[in-house]
Number of protein chains: 2
Amino acid sequence: MISASMKEMLKGSSVIRAMFEEGRRLNAIYGEENVFDFSLGNPSVPPPAEIEKVINEVLREESPTVLHGYMSNMGYESARSAIASALNNEFGENFTEAGIIMTVGAAGALNTVFKTILDPGDEVIVFAPFFTEYKNYVANYCGRIIISLPDPVTLAPDLKAFETLFTERTKAVIINSPNNPTGVIYDENTIKGICGILYAKQRQYGHEIYLVSDEPYRQLVYSDAKPPFLTKYYDNTFVAYSFSKTLSLPGERIGYLAVPGRMSGFEEIMGGLTVANRILGFVNAPSLFQKVVARCINMCCDISTYRRNRDVLYSELTRLGFECVKPEGAFYMYPKSPDADDARFCGTAKKYNILLVPGSAFGYGGHFRLAYCTSREKVEKSIAAFEKLAEDVFGRK
Amino acid sequence: MISASMKEMLKGSSVIRAMFEEGRRLNAIYGEENVFDFSLGNPSVPPPAEIEKVINEVLREESPTVLHGYMSNMGYESARSAIASALNNEFGENFTEAGIIMTVGAAGALNTVFKTILDPGDEVIVFAPFFTEYKNYVANYCGRIIISLPDPVTLAPDLKAFETLFTERTKAVIINSPNNPTGVIYDENTIKGICGILYAKQRQYGHEIYLVSDEPYRQLVYSDAKPPFLTKYYDNTFVAYSFSKTLSLPGERIGYLAVPGRMSGFEEIMGGLTVANRILGFVNAPSLFQKVVARCINMCCDISTYRRNRDVLYSELTRLGFECVKPEGAFYMYPKSPDADDARFCGTAKKYNILLVPGSAFGYGGHFRLAYCTSREKVEKSIAAFEKLAEDVFGRK
């Protein structure tokens, strides 16, 4: 009854679905407070207190017919201008409102980009480990994901491996830094290396190769590292941003696409993105929240909880014998699995009511992902469970 | 730079884009108050006054972390239960929350359905004239639109023509009643006829054929006609609903899909829809407005303006010599074009600052669409312009 591709998809998604069901089962038996669910990236920190005030302001100041009505499929000009200005101020860029499209989160932005640029059979290179959904977003438009394996020590891109993956069909490269699932930030040398290769490959193949920068974690940074802003290094860059994590509004589905005026074929690209945003069924980004985020662009939720969770978990897990690259941003860490079979290891963790995601789900196995966007209390209480888990797995190693 | 299919699409959408630009040009020259823009379906009636109160209630009562956070991709259980109950009360149905998915409007709902059920090359029958976007929504999943031409007098489906269009590849039939662009409501006999044919064709081909009911105008009815509720007539029906028109909230992108438990393969279908809603990039319907519409299900904006606009325009246009099926619902009418070339006629209308859409855009030419969801004053002021237009076109006939 359902389509062949959807049947295939349902089979694949059953691992995560099974874990979700397992979480509910464990909560029911042991009580939610005794289950350490590190499986999902749902922010635990509330939105900035100002958000509610701003929602009320917008409701008071705007005519409801206009506020909740249709606008251009690209979004309100006022919101797009505010975003262009904020990006220009922060990064010394030259965005104009004509290069900004308000989107249904970063997921909506990425689908809009791939609908616009991919012909069937086109290839999109991703750096593993990577957010699983990229595979689906590219497959939606009959594109193919090509996986670039990381440096096994730093989990950053391995440029030598990357360079060998290009073909005549390479249409785009996805970058997600700070990274889900590793928390790694790609440093400026890495970015310059990637962009140098991209410029060379564009010349070699004689057509555009786009950089697609997925940046929902841009402001979630816990070190002095500042993620390089990619349009400064490569003109043919799409910036896909979401307010989900910065403002703790993931349910509201609000984000944007930013396209530099220097992108080749800028006008045709913007026309394509606008039509794609419409015909995929988004039509436009939710209107009230377009106005809300336009007034909150420089706000950020309190990320001190995430920083503290990272510090506690990194020091405790390494103390217990886990090997892990110290995350600099986002709210994930990606330790090595002590068991070569990472799914089996996550099964073992479940015995101690710890829910983790096997690294094989992110295109680079032998690891597990831990999402620490949970409460401080939960993290502190989990340490005893991790101790038991460590005893179990390192004992039998 | 953009994909081949998107290039094709951009060419096609240039007619409507050109009209949009023309509207802006005319507004700039003559002033917005002297331009009679009947081209777009953007509601002019404000949302019910209670909406703002309910938004404030929800903001006050719910924890912001939960309210703006992720929930199941299907949407909040509370919203889905409220919708199931409301449908059951109104139509004597047996929906459960397991059969409701909150969506990014009806456009999101339709894309989610087609992603779930269409294999490349599958055919979807639509009754002309029809909302242009159906073609794009089906093409997104490499399906083919098959057009069923109407009875030329009533503009309702011609069942004899319809019956001849089925093939081995027919996967679905779209119904949109009250109809955009005609305002026609398909009566119970028509619905019974369509469903009888569907049951027979399912038996003949030995596989499911789905009815997809696009119902954004369900409550916008100006006569005693009540649009039959399709799940009562055919089990394999997807109901795609939007609050855009009923509550005048089109910019907020909030709607739902309702699937009867009797649909064959219900569980697999719901699994597929949930995954499709996620991977297309919607992820979930905007969260605040899920909670808002759940408390406003039985409200409706004041449709007396639309009714009055319909009455004035229908009586004036027929008085002036235009032939038109009297619309019973939605906020469109679809008179015959006095010029066989409907695009040329719309060009003539522009001379009098009247903006209309040629019928050829809706898969059944020789007509023009007039969207009367505008203000009463605008409609009244337009009559003098229509008089001049009538003089021009009927004079030279």
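Residues numbered from 1 in each chain as written. Chains lettered and ligands numbered in written order. Predicted model: local features only at pLDDT ≥ 70, side-chain atom pairs only at ≥ 80, totals over all residues. Heavy atoms only, no water.

**Q** Any chance you could explain the sheet that holds strand β12 (residues 368–371) of chain B here in plain terms?
**A** The pairing of strands in a sheet comes from backbone hydrogen bonds and takes either a parallel or an antiparallel form. All names here are of chain B. The strand order across the open sheet built from three strands is β9-β12-β11, with neighbouring strands paired in antiparallel fashion. Edge positions in the open sheet fall to β9 (332–333) and β11 (357–358), since each of these has one partner strand only. With two bridges joining them, β9 and β12 adopt antiparallel strand pairing. Directly across from Tyr332, in β12, lies its bridge partner Ala371. (Pairing = 2+ DSSP bridges. Helix = DSSP H or I, 4+ residues; strand = E, 2+ residues; numbered from the N terminus.)

**Q** Quick question: what am I supposed to make of the packing of aromatic side chains here?
**A** Within this structure, the stated rule accounts for 45 aromatic pairs over all chains. A ring pair is formed by Phe331 of chain A and Tyr332 of chain A, whose centres lie 5.1 Å apart and whose planes are at 65°; its orientation type is edge-to-face. The class of Tyr332 of chain A is buried, set by a relative accessible area of 3%. Look at Tyr210 of chain B and Phe238 of chain B: their rings are 5.3 Å apart centre to centre, the planes differ by 50°, and that puts the pair in the tilted class. Here Tyr210 of chain B, found in strand β6 (residues 210–214), pairs with Phe238 of chain B, found in strand β7 (residues 237–242); they are 28 residues apart in sequence, far enough to count as distant. Take Tyr210 of chain B and Phe238 of chain B: they sit in the same class, and that class is buried. (Phe/Tyr/Trp six-rings, centres within 6.5 Å; stacked < 30°, edge-to-face > 60°. Buried < 20%, exposed > 50% of the residue type's maximum accessible area, 1.4 Å probe, protein only.)

**Q** What should I look at first to understand the domain arrangement of chain A in this one?
**A** It is common to give the size of an interface as the accessible area that goes away when the parts come together. All names here are of chain A. As far as domains go, chain A holds domain 1 (4–48 + 302–394) and domain 2 (50–294). For domain 1 and domain 2, the distance between their C-alpha centres works out to 27 Å. Contacts between the two partners involve 28 residues from domain 1 and, on the opposite side, 36 residues from domain 2. Three residues stand out in domain 1 for area buried against domain 2, namely Pro48, Glu328 and Tyr364, and they jointly supply 26% of the buried area on that side. Across the contact surface, domain 1 and domain 2 share 13 residue pairs in polar contact (both at pLDDT 80 or more). When contributions to the side of domain 1 that touches domain 2 are tallied by element, the ones reaching two or more residues are α12 (304–319) and β9 (332–333). In terms of residue count, α12 provides more of the side of domain 1 that touches domain 2 than any other element does, three residues in total. Residues of the side of domain 1 that touches domain 2, tallied by class, amount to 19 nonpolar, five polar and four charged. (Domains from an automatic or database assignment. Contact = heavy atoms within 4.5 Å. Buried area = accessible area lost by both parts, 1.4 Å probe. Polar contact = N/O pair within 3.5 Å; in protein donor to acceptor, adjacent residues only side chain to side chain. Nonpolar A, V, L, I, M, F, W, Y, C, P; charged D, E, K, R; others polar.)

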